Protein chains: 2
Amino acid sequence: MRIPKGPPGKIRMILHPVGVVRSPLRRRRDAPRQGREGAPDAWLEIAPRYGRALEGIVAGDEILVITWLDRARRDVLSVRPRSDPVNPMSGVFATRSPDRPNPLGLHPVVVREVEGTRLRVGPIEALDGTPVVDLKPALR
Amino acid sequence: MRIPKGPPGKIRMILHPVGVVRSPLRRRRDAPRQGREGAPDAWLEIAPRYGRALEGIVAGDEILVITWLDRARRDVLSVRPRSDPVNPMSGVFATRSPDRPNPLGLHPVVVREVEGTRLRVGPIEALDGTPVVDLKPALR
């Protein structure tokens with residue numbers, strides 16, 4: 001694994017995909033706004049070279065999945081929360097909108113099953129094909 | 001704001017810093033392992049061009065700060081949790097180690113004060129100079 005090298009004094013913040021979401025949700029309009037609003041389970045297919053990083057994760061664990069929301073817009077700074085015209089405009093940092101300068105998704109899920117370097121987790125509103133960039137234990 | 005363009009079919013997952021942490025913590029060995037273990041408050045200096053994205057965040061809010069842990073190692077897949085030799089080796093995805101393939105820091109904090117595009121938040125264990133990449137409402 002390479003540590004990215006940039007010009008001295010300049011940080012290159014490049015994410016490496018560690019895996020991908022495999023979900024029945026294919027289009028943004030099919031996805032609920034949050035995992036707990038009727039989202040399905042999905043498989044996280046982690047690349048085998050990151051397998052050692054999964055050691056210790058077992059069925060029943062509550063974890064946070066961090067994704068790169070590759071279908072989001074990065075040039076949006078204000079939204080109406082939940083796209084409801086009744087809501088006043090709000091800064092995206094005060095909301096969970098996928099549209100934001102760095103479209104990171106944060107998904108609290110339960111691990112249902114571990115099969116090699118594949119994890120079945122849910123409920124999760126991420127779309128099929130969404131890159132996974134990190135997994136962390138749930139916040140306590 | 002530019003939407004990064006890459007070769008067709010290839011996603012470039014490049015984070016843009018939206019701000020920086022200003023903290024009395026200067027070195028990794030000075031930082032507690034988690035914010036709730038005696039960490040200080042810090043200022044988040046958000047770049048003025050992202051000011052609109054902060055609208056709606058007020059003192060007292062519980063938020064999540066996502067940082068890029070620029071002093072972490074990306075080539076570490078297993079660690080002893082809390083560097084305690086009593087603990088067995090564990091995959092980094094099962095831990096909060098800053099050393100991980102994509103060194104994203106996730107910091108639950110309380111907003112103490114908002115001053116233009118600067119937010120005083122805490123407690124937070126991030127080091128001075130750490131790039132901020134996203135802010136989100138706390139998970140419920």
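Anything mentioned here points back to the structure above.
Analysis parameters
- Residues numbered from 1 in each chain as written.
- Chains lettered and ligands numbered in written order.
- Predicted model: local features only at pLDDT ≥ 70, side-chain atom pairs only at ≥ 80, totals over all residues.
- Heavy atoms only, no water.
- Helix = DSSP H or I, 4+ residues; strand = E, 2+ residues; numbered from the N terminus.
- Phe/Tyr/Trp six-rings, centres within 6.5 Å; stacked < 30°, edge-to-face > 60°.
- Lys NZ or Arg CZ within 6 Å of the ring centre and 35° of its normal.
- Salt bridge = Lys/Arg side-chain N within 4 Å of Asp/Glu carboxyl O.
- Buried < 20%, exposed > 50% of the residue type's maximum accessible area, 1.4 Å probe, protein only.
- Least-squares fit on C-alpha atoms with pLDDT ≥ 70 in both.
- Contact = heavy atoms within 4.5 Å.
- Polar contact = N/O pair within 3.5 Å; in protein donor to acceptor, adjacent residues only side chain to side chain.
- Pairing = 2+ DSSP bridges.
- Axes fitted to C-alpha atoms, helices over the stretch in contact; angles between N-to-C directions.
- Buried area = accessible area lost by both parts, 1.4 Å probe.

Colleague: I would appreciate a short explanation of unusual backbone geometry in the present structure.
Modeller: Negative phi characterises most residues that are not glycine, and trans characterises most peptide bonds. Omega for the peptide link from Gly 122 of chain A to Pro 123 of chain A comes to -10°, which places this bond in the cis form. For Pro 123 of chain A, the location among the structural elements is in the loop between strand S7 (118-122) and strand S8 (131-137).

Colleague: What is the right way to look at the packing of aromatic side chains in this model?
Modeller: For any pair of aromatic rings, the description rests on two quantities: the centre-to-centre distance and the angle between the ring planes. On inspection of all chains with the given rule, the structure shows zero aromatic pairs over all chains. Geometry around Trp 43 of chain A places Arg 118 of chain A over its ring, the cationic atom sitting 4.1 Å from the centre.

Colleague: So what exactly am I meant to see when it comes to the pattern of salt bridges here?
Modeller: Overall, the coordinates contain 28 salt bridges over all chains when judged by the stated rule. Between Arg 28 of chain A and Asp 99 of chain A there is a salt bridge, and its shortest N-O distance comes to 2.9 Å. Residue Arg 28 of chain A is found in the loop between strand S1 (19-22) and strand S2 (42-46), and its partner Asp 99 of chain A is found in the loop between strand S5 (90-91) and strand S6 (104-115); the two are separated by 71 residues along the sequence. The closest approach of N and O atoms between Arg 27 of chain B and Asp 30 of chain B, which form a salt bridge, is 3.1 Å. Looking at Asp 30 of chain B, the relative accessible area reads 34%, which means it is partly exposed. Through salt bridges with shared partners, a single ionic network connects Arg 22, Arg 26, Glu 45, Glu 115, Arg 118 and Asp 128 of chain A.

Colleague: Would you explain the relation of the copies chain B and chain A in this entry?
Modeller: Related by rotation about an axis and a shift along that axis, the two copies of the chain form a pair. For the pair chain B and chain A, the relating rotation is 180°, the translation along its axis is 0.0 Å, and the fit reaches an RMSD of 0.0 Å. On the angle and the small slide along the axis, the relation comes out as a two-fold axis. Minimal C-alpha distance to the rotation axis in chain B is attained by Ile 14 of chain B, lying at 2.3 Å. Taken as a fraction of all interface residues of chain B, those also at the interface in chain A reach 100%, which identifies the copy contact as same-surface.

Colleague: How do you make sense of the side chain of Thr 130 of chain A when you look at a structure like this?
Modeller: Residues and elements named next belong to chain A. Relative to the elements of secondary structure, Thr 130 occurs in the loop between S7 and S8. Using a relative accessible area of 3% as the deciding quantity, one classes Thr 130 as buried. Side-chain polar atoms of Thr 130 contact the side chain of Arg 71, separated by 3.5 Å. Here Leu 127 takes part through its backbone oxygen, which lies 2.6 Å from a polar atom of the side chain of Thr 130.

Colleague: Before we go on, may I ask you to explain the sheet that holds strand S8 (residues 131-137) of chain B in this structure?
Modeller: The strands making up a sheet associate through backbone hydrogen bonding, with each pair oriented either parallel or antiparallel. Residue and element names in this part refer to chain B. In spatial order, the strands read S1-S2-S7-S6-S3-S8; together these six strands close into a barrel with antiparallel pairing. Pairwise comparison of adjacent strand axes, ignoring direction, gives a mean angle of 45° for this sheet. Two elements, strand S1 (residues 19-22) and S8, share two bridges in a ladder whose sense is antiparallel. Across the sheet, the residue bridging to Gly 19 is Val 132, located in S8.

Colleague: What's the story with the environment of Val 58 of chain A in this structure? I'm lost.
Modeller: All names here are of chain A. Along the chain, Val 58 turns up in the loop between S2 and strand S3 (62-68). Assessed through its relative accessible area of 45%, Val 58 is described here as partly exposed. Linking Val 58 and Pro 81, residues 23 residues apart in sequence, is a C-alpha distance of 35 Å. Look past the residues within four positions of Val 58 in its chain and what remains in contact with it is Val 111 and Val 114.

Colleague: What is the right way to read the interface of chain B and chain A from this model?
Modeller: Quite often, the size of an interface is put as the accessible area lost when its parts meet. Listed per partner, the contact involves 50 residues of chain B and 50 residues of chain A. For the pair chain B and chain A, the summed buried surface comes to about 4,900 Å²; carbon and sulfur atoms form 65% of the total. A per-residue breakdown of the area chain B buries against chain A is headed by Met 13, Arg 74 and Phe 93 of chain B, which together make up 17% of the total. Between chain B and chain A we count two salt bridges in total. Of the charged contacts in the structure, one is a salt bridge between Asp 134 of chain A and Arg 100 of chain B, with a shortest N-O distance of 2.9 Å. At the junction of chain B and chain A, the tally comes to 28 residue pairs in polar contact (both at pLDDT 80 or more). Every element with two or more residues in the side of chain B that touches chain A is listed here: strand S3 (62-68), strand S5 (90-91), strand S6 (104-115) and S8 of chain B. In terms of residue count, S8 of chain B provides more of the side of chain B that touches chain A than any other element does, six residues in total.

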